[in-house]
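Now for the letters of each chain:
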Amino acid sequence: MHGRLKIKSTAQQEEEKRKEREKKLKLYVTARDVCFSQRKEGVLDEEALQLTQQLLSSNPDFSTLWNYRREILMHLETVREEDDVQKIYESELSFVERCLRQNPKSYGSWHHRGWVSARLPRPDWVRELSLCDRCLSLDERNFHCWDYRRVVVRISGVAVDQELRFTDRLIGSNFSNYSSWHYRSTLLPLLHPESPEPLSPTPQLAKTSPRTNSHRVCEEQLLKEYELVQNAFFTDPNDQSAWFYYRWLLGRAEREEMISCVYVSREEERVAVCFSKPVHVQAVGLMLVLDGQPQQVEWRSVHPRLRHSPVWVCDLPPATISDIGNEHNLTVHWTENHTHRDCALYTGRSQSWCRDSATDLELFRSELSVEKTSVLQSELQTCNQLQELEPLNKWCLLTIVLLMRALDPLGYEKETLAHFQTLKEVDSMRSAYYGDLCSKFIIENTILKMEYAEVRVFRISNKKLSTLCHLDQLLLVTHINLSSNELERLPPQFCMLQCLEVLEADNNSIEDLEGVYQLPKLEEISLKNNKISKIEDLALLASCPKLRSLDLRGNPVTQMANFLSDIAKLLPSVTDLQL
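Everything quoted here is computed from the prediction, not taken from an experiment.

Caption draft 1: The overall build of the protein, seen in detail. Looking only at helices and strands, the protein features 19 helices and 15 strands. For a compact globule of 579 residues, the expected C-alpha radius of gyration is about 25 Å, and the protein comes in at 32 Å, more than 25% above that figure. Along the first, second and third principal axes, the C-alpha atoms of the protein reach 105 × 65 × 60 Å. Per-residue burial over the protein gives 47% buried out of 579 residues.

In structure tokens, the structure reads:
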């Protein structure tokens, strides 16, 4: 046994490590407490700076210590010469760099580096860009570094084309570099902006037509980008980075806010205004002028939960427009956007409206570009070629769907539905997402068909709808049929159907009627074979003043004790109740 090295047991080693950790922790806590005490006493000297450095070297994510360190540095600025301050801050940058070596994704370290660089008398931005290059070469998805790089580029005035070449280099070495693709999408509109559209020769059209934000890229550059991104997804069809960038290339700028519809009713003496996007009227300012006279009205959202809503309503003073023998002219002024919308209520008419249709605005093509049809058709052919090679590639299938929506939503309707079914099968974890997106497209197509037919009846039964959307486009609908779908609720946005008279929603799974609230014209509701289980679920129906007919057959609530008497108390105006 003599002369042989005694090997410690695993238990002994773990105990020694534990004691060592406790010793280090005790020293750390002691130093931290001293640091807190000095800060409280207002100590702002180099000794305190050294103490925070020791602590941050062990834990660079201690925000309070970085704050204390900045307080010390700002004090030293006031008592030192500029050259000394330069040296102090250069030393600080070196210290921060050491912290970043320990934790390259330390938020506190990157934030402090940006603060130091901004206060440095003679900053070296080339060095800072070089640091970003090194960090991104180690981890191309370090978003803290990407954020800092954008700050450095903005302050130092680095040329946009230089940064674009930087993304070329990173993407060329790795097509999966999502951050580089995203950064590229912010640079291209600056370097290759889309030419502005000529102003409309018609003044009235110029006032009412939507304007688009200048975040698009000129067509010549787009064609080059298409080639680049196609090389990426043909190389690795299953990598999502290039596909997301491709969808951005195919996208179009969002439309600016505008008044898309004004509706006025004599009977309710009510005005409804529909915007192209949800707004907060109290914040942006809306003024109603009737026959040349500004009206003191109170604008409200159609539902208390919708603080930002596309549809807002107001009630006019009694007897203002109720006389059917009088003609009235209304103008709604949106003061913040310097725009307005007129609407005439003619003699003998009980209601009137002025609106831009979804067809006129090409509303449902806004997710993809307004580039020439030939370009989009070429892109569709390219994706179809890839889909033949990769028939179960979800990114390719989804992009094909979006391209078809851009080219001809109704013409490609059958193919789109087939692709959605395939998507649900090959990517079952996201089947609910595809179901909702498919529902959205079905609703869009139904709206287009309704507008082509020039009717106010919206029929969309037996379509496997899982969600409702674009309800602001149904403001003028009088009859809606949602039967035999997969709906579980009528959301608050359903209140936007201010002209609705008949609601059919049989054979769904509805248990929430939150959206059936203060619908002034609603007379009939059919909710057969749903999942309404509590009398409280029907309480909001009492807010609909004209409701006379209600069909609740096949709902659990009808089996409750005393239901008949309870519903009679809750909805005394309902004279036709079917249970």
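Caption draft 2: Seen up close, empty space enclosed by the protein. As enumerated under the stated definition, the model contains 4 cavities of 30 Å³ or more in all. Surrounding the largest cavity, Ser260, Cys261, Cys274, Arg355, Asp356, Asp472, Gln473, Leu474, Leu475 and Leu476 form its lining. Class assignment of the residues belonging to the lining of the largest cavity gives a composition of 5 nonpolar, 2 polar and 3 charged. When its volume is computed, the second largest cavity comes out at roughly 50 Å³. In terms of residues, the lining of the second largest cavity owes the most to one element, strand β2 (residues 270-279), which gives 3 residues. A per-class count over the lining of the second largest cavity returns 4 nonpolar, 2 polar and 3 charged.

Caption draft 3: Structural view of the environment of Trp312. Inspection of the secondary structure assignment puts Trp312 in strand β6 (residues 309-315). For Trp312, a relative accessible area of 2% gives the class buried. Sequence separation between Trp312 and Cys274 is 38 residues, and the spatial gap between their C-alpha atoms is 6.6 Å. A distance of 3.2 Å separates the side chain of Trp312 from the backbone oxygen of Val279, its partner in a polar contact.

Caption draft 4: Structural context of the environment of Val152. Tracing the sequence through the fold places Val152 in helix α7 (residues 143-156). Along the sequence, Val152 and Cys132 sit 20 residues apart, while their C-alpha atoms lie 9.4 Å from each other.

Caption draft 5: Quick look at the sheet that holds β6. Spatially, 5 strands are ordered β5-β6-β2-β1-β9 in an open sheet, and the strand pairing comes out antiparallel. Two strands lie at the open edges of the sheet, namely β5 (300-301) and β9 (351-355), each paired on one side alone. The sheet contact formed by strand β1 (residues 259-265) and β9 spans 5 bridges and is antiparallel. Opposite Val264, over in β9, you have Ser352 as the bridge partner.

Caption draft 6: Structural context of a negative patch on the surface. A surface patch of negative charge is lined by Glu501, Glu523, Glu524 and Asp576. By the element assignment, Asp576 lies in strand β15 (residues 576-578).

Caption draft 7: Looking closely at the pairing of strand β3 (residues 286-290). Of all 5 residues that make up β3, 4 are buried, and the element is covered over most of its length. Across 5 bridges, the pairing between β3 and strand β7 (residues 328-334) is antiparallel. Among the inter-strand pairings, Met287 is bridged to a residue of β7, identified as His333. Relative to strand β4 (residues 293-295), β3 runs antiparallel, the two sharing 3 bridges. The residue bridging Leu288 from the neighbouring strand is Gln295, located in β4. Following β3, the chain reverses through 2 residues before pairing antiparallel with β4; Asp291 in that reversal takes a positive phi of roughly 50°.

Caption draft 8: The arrangement of the pairing of β6 in detail. With 6 of its 7 residues buried, β6 lies for the most part within the structure. Two strands pair when backbone bridges link them, and β2 and β6 are joined in this way by 6 bridges, in the antiparallel orientation. The partner of Ala272 across the bridge, within β6, is Val313. Pairing of β5 with β6, which is carried by 2 bridges, proceeds in the antiparallel orientation. Residue pairing across strands places Arg300 opposite Val313, the latter belonging to β6.

Caption draft 9: Molecular detail of the packing of helix α3 (residues 63-79) against helix α4 (residues 82-102). Viewed as axis vectors pointing N to C, α3 and α4 meet at an angle of 165°, and their least axial separation amounts to 10 Å. Taken together, the axes of α3 and α4 lie roughly antiparallel to each other. Between α3 and α4 the crossing geometry is right-handed. In this structure, α3 uses Trp66, Arg69, Leu73, Met74, Leu76 and Glu77 to contact α4, whose residues at the interface are Val85, Ile88, Tyr89, Glu92, Phe95, Val96 and Cys99. Its residues assigned to classes, the contact of α3 with α4 comprises 10 nonpolar, no polar and 3 charged.

Caption draft 10: Representation of helix α5 (residues 107-119) in the model. Between its terminal C-alpha atoms α5 stretches 19 Å, which fits the 18 Å expected from 13 residues at 1.5 Å a residue. Every buried residue of α5 is accounted for by Gly108, Ser109, Trp110, His112, Arg113, Trp115, Val116 and Ser117. Buried residues along α5 sit in contact with α3, α4, α6 (125-138) and α7.

Caption draft 11: Examining unusual backbone geometry more closely. One non-glycine residue with positive phi stands out, namely Gln518, at about 50°. For Gln518, the position within the fold is in the loop between β12 (502-504) and β13 (524-526). A positive phi angle, close to 65°, is found at Asn562, a residue other than glycine. Looking at the secondary structure, you find Asn562 in the loop between β14 (549-551) and α19 (563-570). A residue is classified by how much of its surface remains accessible, and Asn562, at 58% relative accessible area, is exposed.

The rules behind the values
- Residues numbered from 1 in each chain as written.
- Predicted model: local features only at pLDDT ≥ 70, side-chain atom pairs only at ≥ 80, totals over all residues.
- Heavy atoms only, no water.
- Helix = DSSP H or I, 4+ residues; strand = E, 2+ residues; numbered from the N terminus.
- Rg over C-alpha atoms; globule rule 2.2 N^0.38 Å.
- Buried < 20%, exposed > 50% of the residue type's maximum accessible area, 1.4 Å probe, protein only.
- 1 Å grid on protein atoms, 1.4 Å probe; cavity = no way out; pocket = protein on both sides within 12 Å on 5 of 7 lines; lining within 4 Å.
- Points joined across faces, edges and corners; volume = space filled by probe spheres on them.
- Nonpolar A, V, L, I, M, F, W, Y, C, P; charged D, E, K, R; others polar.
- Polar contact = N/O pair within 3.5 Å; in protein donor to acceptor, adjacent residues only side chain to side chain.
- Pairing = 2+ DSSP bridges.
- Patch = residues over 30% accessible without salt bridge, like charges linked within 9 Å, V, L, I, M, F, W, Y side chains within 5 Å.
- Areas by Shrake-Rupley, 256 points an atom, 1.4 Å probe, with all protein chains shown as cover.
- Salt bridge = Lys/Arg side-chain N within 4 Å of Asp/Glu carboxyl O.
- Lys, Arg positive; Asp, Glu negative; His and termini not counted.
- Charge placed at Lys NZ, Arg CZ, Asp CG, Glu CD.
- Axes fitted to C-alpha atoms, helices over the stretch in contact; angles between N-to-C directions.
- Parallel < 35°, antiparallel > 145°, perpendicular 65-115°, else oblique.
- Left-handed = near helix turned anticlockwise from the far one by under 90°.
- Contact = heavy atoms within 4.5 Å.
- Expected span 1.5 Å × (residues − 1).

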